[in-house]
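As a plain string of letters, each chain reads:
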Protein chains: 2
Amino acid sequence: MSAVWTLKALGLGAVGLTLSVEVLGWFFRRFGSKGFLKEVIFFPTEFACVEHVFEPTLQCLCPLPHGLETSLARLLRHVLSAKSTLDICVFAFSNMDLSRAVLALHSRGLVIRILIDKDYGGITGSQIGPLRRAGIRVRYDSGAVHMHHKFALVDGRRLVTGSLNWTLQAVQKNKENVMVTEEPRLVTPFVQEFQRLWDANDPEGCGRAAPLPQQGTERQGTERQGTERKGT
Amino acid sequence: MSAVWTLKALGLGAVGLTLSVEVLGWFFRRFGSKGFLKEVIFFPTEFACVEHVFEPTLQCLCPLPHGLETSLARLLRHVLSAKSTLDICVFAFSNMDLSRAVLALHSRGLVIRILIDKDYGGITGSQIGPLRRAGIRVRYDSGAVHMHHKFALVDGRRLVTGSLNWTLQAVQKNKENVMVTEEPRLVTPFVQEFQRLWDANDPEGCGRAAPLPQQGTERQGTERQGTERKGT
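The text that follows walks through the structure, step by step, so that each part is easy to find. Worth saying up front: this structure is predicted, and the values here are computed from it rather than measured. (Residues numbered from 1 in each chain as written. Chains lettered and ligands numbered in written order. Predicted model: local features only at pLDDT ≥ 70, side-chain atom pairs only at ≥ 80, totals over all residues. Heavy atoms only, no water.)

It is worth spelling out the interface of chain B and chain A at this point. Across the contact, 47 residues belong to chain B and 47 residues belong to chain A. When chain B packs against chain A, close to 4,300 Å² is buried across both sides, 68% of that on carbon and sulfur atoms. For the salt bridge of B:E183 with A:K38, the shortest nitrogen-to-oxygen distance reads 3.9 Å. Applying the counting criterion to the chain B and chain A interface returns 15 residue pairs in polar contact (both at pLDDT 80 or more). In terms of residue count, the dominant contributor to the side of chain B that touches chain A is helix α1 (residues 2-31) of chain B (nine residues). (Contact = heavy atoms within 4.5 Å. Buried area = accessible area lost by both parts, 1.4 Å probe. Salt bridge = Lys/Arg side-chain N within 4 Å of Asp/Glu carboxyl O. Polar contact = N/O pair within 3.5 Å; in protein donor to acceptor, adjacent residues only side chain to side chain. Helix = DSSP H or I, 4+ residues; strand = E, 2+ residues; numbered from the N terminus.)

Shown next as structure tokens:
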């Protein structure tokens, strides 16, 4: 009888151990240090072609090095990983590779929103004009000296943020950092802040009650879609 | 006999369950979603006095609101939490409250290193001069169009990073973000990058082999301590 009970106890112990290992494994994968995406990318990017990020099967003939997973290629892959939405909140946006990625997502039918600084949205080479002409919704932040954020939210759950403005110089010349994470405690505040700023700069909202601009000037915080702004 | 074995099995089960809960609790605290510090702070800061951050017992008589845990107060607390080292890598540094915090840490004997952009280290109101005069080690980055980072490492394990330059305008006027985390997978790359940039701008290193600057100009990447640089 005791031998049977011993066997039963051992069997129960084995089952318990197996279950514990399974639960711990799941717990580690779900909540553990490696559970959520966490990546840091430093710039300036390496000097190389990024055509393979957009067209993996295309044999590019440009004279740059090919097939490298440069900092820019990694950043582009995160942007292009969007499946449903992309919210961009940046001080300046003149980088043509990043613009191409956003346009590619737009052509796939994703919902894209861009919030940009009212002054730096119109710098030389700004991509805001082409993006708006393509039908992407853009709002200009009007409530601060500078809207100095440099972040994007991929599908509302992947945060791409750092010191990097979305410009050619920042990507190719400056020392910069970009952090990519899906950690909810870091992502959620940015999701809320984007929505807050987007709503605050709604031209159909309180902006309507603001005094009309004088002739020759433009009202700040206006959403534009399909029409051009100076310098973009 | 079977009753005794049943009791033993139940007792063993209870011990196993207790241990499992303990282990899971530890695991969650150590590696779980809430295990490592993760905090996001948005700017501009609220308009309030931050004297209580420096001198909690002092009754400040200034006309500003008191005792508020503003965005700036929270940022200052993270900087002041340093116990042994503080590494700062910023594009521009003219905020006097942040400078006061760094000087307070220096007076406590902490090892402080500051890496700053070669051009923006000398903006109007820059605190680099006073910090250097106090004996803090400063190096100017010389290897890029801009050293555009805005991060600090507290005791080599707490990362403070984001869009915020350490200036008065950024803190009081701009829309900015600062992320604070102790998540090793995010902190470690910044620790390595700081050391890489610090070494790369060592005036005792390869900088010595560089051609001497012409009269009236300064060599870039030079560490200065105790002497003044123009505009700081």
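Moving on to the packing of helix α3 (residues 71-80) of chain A against helix α4 (residues 96-107) of chain A. The description of two packed helices rests on the angle between their axes and on the distance between the axes. All names here are of chain A. Their axes nearest at 10 Å, the elements α3 and α4 cross at an angle of 20°. Of the possible angle classes, the one that applies to α3 and α4 is roughly parallel. For the pair α3 and α4, the crossing hand works out as right-handed. Residues L72, L75, L76, V79 and L80 of α3 touch α4, and the partners they reach there are D97, L98, A101, A104 and L105. In terms of residue class, the contact of α3 with α4 is made up of nine nonpolar, no polar and one charged. (Axes fitted to C-alpha atoms, helices over the stretch in contact; angles between N-to-C directions. Parallel < 35°, antiparallel > 145°, perpendicular 65-115°, else oblique. Left-handed = near helix turned anticlockwise from the far one by under 90°. Nonpolar A, V, L, I, M, F, W, Y, C, P; charged D, E, K, R; others polar.)

This part covers the environment of B:N165. Residues and elements named next belong to chain B. Looking at the secondary structure, you find N165 in the loop between β6 (158-162) and α6 (168-172). Assessed through its relative accessible area of 9%, N165 is described here as buried. Sequence spacing of N165 and R133 is 32 residues, and the spatial spacing of their C-alpha atoms is 22 Å. Side chain to side chain, N165 and K150 meet in a polar contact 2.7 Å long. (Buried < 20%, exposed > 50% of the residue type's maximum accessible area, 1.4 Å probe, protein only.)

With that settled, the discussion passes to the pairing of strand β7 (residues 176-181) of chain A. Residues and elements named next belong to chain A. Counting buried positions along β7 gives six out of six residues, so the element sits mostly inside the fold. Side-chain alternation along β7 places E176, V178 and V180 on one buried face and N177, M179 and T181 on a second face that is also buried. Pairing analysis gives six bridges linking strand β1 (residues 38-43) to β7, with the strands arranged antiparallel. Note on β7: the bridge partner recorded for F43 is E176. For strand β6 (residues 158-162) and β7, the ladder comprises four bridges, and the chain directions are antiparallel. If you follow T161 over to β7, its bridge partner there is M179. (Pairing = 2+ DSSP bridges.)

So, on to the relation of the copies chain B and chain A. Rotating chain B by 180° about the axis while translating it 0.0 Å along that axis superimposes it on chain A, leaving an RMSD of 0.1 Å. What we have between these two chains is a two-fold relation. (Least-squares fit on C-alpha atoms with pLDDT ≥ 70 in both.)

To continue, consider the environment of A:Q127. Residue and element names in this part refer to chain A. With respect to the secondary-structure elements, Q127 resides in the loop between β3 (111-117) and α5 (128-133). Here the alpha-carbon distance between Q127 and L98, two residues 29 residues apart in the chain, equals 9.2 Å. Those residues in contact with Q127, other than ones at most four positions away along the chain, are F93, S94, N95, M96 and S99. At a separation of 3.3 Å, a polar atom in the side chain of Q127 contacts the main-chain carbonyl oxygen of G125.

This brings us to helix α7 (residues 184-200) of chain A. Residue and element names in this part refer to chain A. The end-to-end C-alpha distance of α7, which contains 17 residues, comes to 24 Å, matching closely the 24 Å that a straight helix rising 1.5 Å per residue would cover. Along α7, the residues classified as buried are L186, V187, P189, F190, E193, F194, L197 and W198. Seen from one end, α7 has its buried residues packed into an arc of 165°, which puts them on one side. (Expected span 1.5 Å × (residues − 1). Arc of directions from axis to C-beta.)

The next subject is unusual backbone geometry. Residues and elements named next belong to chain A. A cis amide bond links F43 to the next residue, P44, at an omega of 15°. Examined against the element boundaries, P44 turns out to sit in the loop between β1 and α2 (51-54). One non-glycine residue, D155, lies in positive phi territory at about 55°. Looking at the secondary structure, you find D155 in the loop between β5 (150-154) and β6.

Time to look at the side chain of B:N95. Considering the arrangement of structural elements, one finds B:N95 in the loop between β2 (85-90) and α4 (96-107). What B:N95 contacts, discounting residues up to four positions off in sequence, is B:Q127, B:W166, B:T167, B:L168 and B:V171.

On to the pairing of strand β4 (residues 137-141) of chain B. Residues and elements named next belong to chain B. Counting buried residues in β4 gives four out of five residues, a clear majority hidden from the surface. Note that strand β3 (residues 111-117) and β4 share five bridges and pair parallel. Each bridged residue has a counterpart across the sheet, and for I116 the counterpart in β4 is Y140. For the crossover from β3 across helix α5 (residues 128-133) to β4, the handedness is right-handed. (Right-handed = clockwise from strand over helix to strand, strands pointing away.)

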